[in-house]
Structure formats: structure tokens, C-alpha cells
Amino acid sequence: MYKKGDKIVYPMYGAGIIEDVEEKEVDGELQSYYVLNIPVGNLKIMISTAKAEQHSVRPVLPWEEIKLAMNTISDKVDMQENWNQRYKENMKRIKSGDLAQVSTVFRSLLEKERGKGLSTAEKKLMTTARQIILSEVVLSLDISKDDGEEILESSF
């Protein structure tokens, strides 16, 4: 179980800091929730402590592991030609919570955008992947969003 002040990653939203652990009554039962503040994107999310693990919530990685995840992705990623199938596969990668998988999505969509271009849905997915990576970089290094964006630009 995580505690107040811990830095965690919630897939599809990114990295944040647990501001509090609150008790709420749901369906007549008292349940515990993490109150997560995600600074990149300025979001506040409540996550059930009982379901955190099944939602692939994990601690923010140390910088060395983040660098490794961003840099060990192969240059060529096999992607489906059908955009709908490609979107489903990329969504599955992002939901995994694995930073290397999220980086793979971002890199592959960035390359596709530079080439043929992306559909609106894929542009949104690329933005989501970018925000997830950025939020983890910012919290791992304890830097500003602008500094994190510079690191991202130089890494991809």
C-alpha cells in the first residue's frame, strides 16, 4: 500500500503524487482511496486502494530506468496498416503501465506523423503517451514541466 507523498504512475493518466488517502462510503461499505495529483495536465484522481494493483499502478521509476525504457526501443516497430487495429494495439500498450511500451507507442506514432500523418484519434493517443512519459520524467527528476519537455525532445 502506498502512502501520502508517494510518487506513483496510474496508466492512461501518468505520474502523480498521492496527496491523501481518504475513506469513502460506497454501497454501504467503507473503502479507501488514493487522492492522486498529476501535475502535468493538472488532474486530481481518486483510485481505490483495493484495485490499484489490478489497474497496474506502480511507483515512479528512477531516472536511469526511465532513460533505459526510452532508449531501448527498437527504431522500427511493427505496426498494423489498419489504423483501427493499430489504435487498439497501442491503447493496450498504454494501459499496460509499462513505460517502455508507452515509449514505443509515442515513438511509433511520432514516426508515422512525420511520414504519412495521423488520424485525429491517433494524434490524441500520441499526446496521451507523451504526457504519461513527461509526467514520469518530471516527477522522477523533480524538475519543471518545461525542463522535462526539453529532455523529451532530445530523447525522441
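For the structure itself, consult the block above.
Keep in mind the model is a prediction, meaning the values are calculated, not measured.

Conventions and cut-offs
Residues numbered from 1 in each chain as written. Predicted model: local features only at pLDDT ≥ 70, side-chain atom pairs only at ≥ 80, totals over all residues. Heavy atoms only, no water. Core = buried A, V, L, I, M, F, W, Y, C linked by side-chain atoms within 4.5 Å. Buried < 20%, exposed > 50% of the residue type's maximum accessible area, 1.4 Å probe, protein only. Helix = DSSP H or I, 4+ residues; strand = E, 2+ residues; numbered from the N terminus. Contact = heavy atoms within 4.5 Å. Pairing = 2+ DSSP bridges. Expected span 1.5 Å × (residues − 1). Arc of directions from axis to C-beta.

J.: Help me get a handle on the nonpolar core, residues and values and all.
T.: Grouped together as the largest cluster of nonpolar side chains are 25 residues, with contacts concentrated most on Ile66, Met70, Phe106, Ile133, Val137, Leu152 and Phe156. Among the elements of the structure, helix H1 (63-71), helix H2 (83-95), helix H3 (99-115) and helix H4 (120-141) are those that each provide at least two residues to this core. Residue contributions to this core peak at 8 residues, all from H4. Excluding residues within four positions of it along the chain, Val137 makes contact with Trp63, Ile66, Met70, Ile143, Gly148, Ile151 and Leu152. Core analysis: the next-biggest nonpolar cluster, separate from the first, contains 10 residues, Ile8, Ile18, Ala52 and Val57 among them.

J.: Please provide a residue-by-residue account of the pairing of strand E1 (residues 7-10), values included.
T.: As paired strands, E1 and strand E2 (residues 14-26) are joined by 4 bridges and run antiparallel to one another. Across the sheet, Tyr10 pairs through a bridge with Gly14, a residue of E2. Between E1 and E2, which follow one another and run antiparallel, lie 3 residues, and Met12 among them has a positive phi close to 80°. As paired strands, E1 and strand E5 (residues 58-59) are joined by 2 bridges and run antiparallel to one another. The partner of Val9 across the bridge, within E5, is Arg58.

J.: Before we move on, could you go through H2 and cite the residues and values that matter?
T.: With 13 residues, H2 should reach 18 Å at 1.5 Å per residue; the first-to-last C-alpha distance of 18 Å fits that figure. Among all positions in H2, only Arg86, Asn90, Met91, Arg93 and Ile94 are buried. End-on view of H2: buried residues confined to an arc of 160°, all on one side of the axis. For H2, the elements touching its buried residues are H3 and H4. Looking one or two places after H2, you find Gly97, whose phi comes out positive at around 85°.

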